Amino acid sequence: TAQPVSNVIIKGKGAQTTATASLRTSNAHDETDLFAGDKSKIIVTKEDLAGINLTANEAHRRIAELKMHRSELRERLHRYQVDFTRTNNRKIKYHKDIAPVEKEYQRYKEIKVEITRLEAYLSARGAN
């Protein structure tokens, strides 16, 4: 089952539900952690949800797949972060510091948005 979505804001009028999730991010990264700088809220509009054409079971299955992929990416990014700190004697601070893993980091953020979008979809359907 999907976890409750606490960092999602669903905007729109009426009971209709529609679709595209976006993630607002800042270019600044927290010195401590690749993941800590990404504290922005994910905003899902009702229009965003309209484009989802899945059954509840399909949505739950897709969420599980995405969470597994997100976990793998998080491990890789964490290993990079630890290695970077060990090699450079400092924590990640600048955008250039993540250049070698930028694609993985971007995919990690995209997966977070998609998971949130699907969880909001299930929540709007009353299927959790």
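Refer to the structure printed above.
Given the structure is predicted, the values throughout are model-derived calculations rather than measurements.

Reading the values: rules and limits
- Residues numbered from 1 in each chain as written.
- Predicted model: local features only at pLDDT ≥ 70, side-chain atom pairs only at ≥ 80, totals over all residues.
- Heavy atoms only, no water.
- Salt bridge = Lys/Arg side-chain N within 4 Å of Asp/Glu carboxyl O.
- Helix = DSSP H or I, 4+ residues; strand = E, 2+ residues; numbered from the N terminus.
- Buried < 20%, exposed > 50% of the residue type's maximum accessible area, 1.4 Å probe, protein only.
- Core = buried A, V, L, I, M, F, W, Y, C linked by side-chain atoms within 4.5 Å.

Draft legend 1. Representation of the pattern of salt bridges. All chains considered together, the criterion is met by six salt bridges. Two residues, Arg 107 and Glu 110, come together in a salt bridge whose shortest N-O distance is 3.6 Å. Of the two residues, Arg 107 and Glu 110 are both situated in helix α3 (residues 102–125); the distance of three residues between them amounts to about one turn of the helix. The class of Arg 107 is partly exposed, set by a relative accessible area of 32%. Put simply, Arg 117 and Glu 114 hold a salt bridge, and the shortest N to O gap is 3.4 Å. With Arg 117 and Glu 114 both in helix α3, this residue pair falls three residues apart, about one helical turn. Given a relative accessible area of 15%, Arg 117 falls into the buried group.

Draft legend 2. Local environment of the nonpolar core. Among the nonpolar cores identified, the biggest contains 24 residues, and Leu 49, Tyr 121 and Leu 122 are the most heavily contacted of them. Looking at this core, the elements that each hand over two or more residues are β3 (42–45), α2 (56–88) and α3. Per-element accounting of this core gives the leading share, nine residues, to α3.

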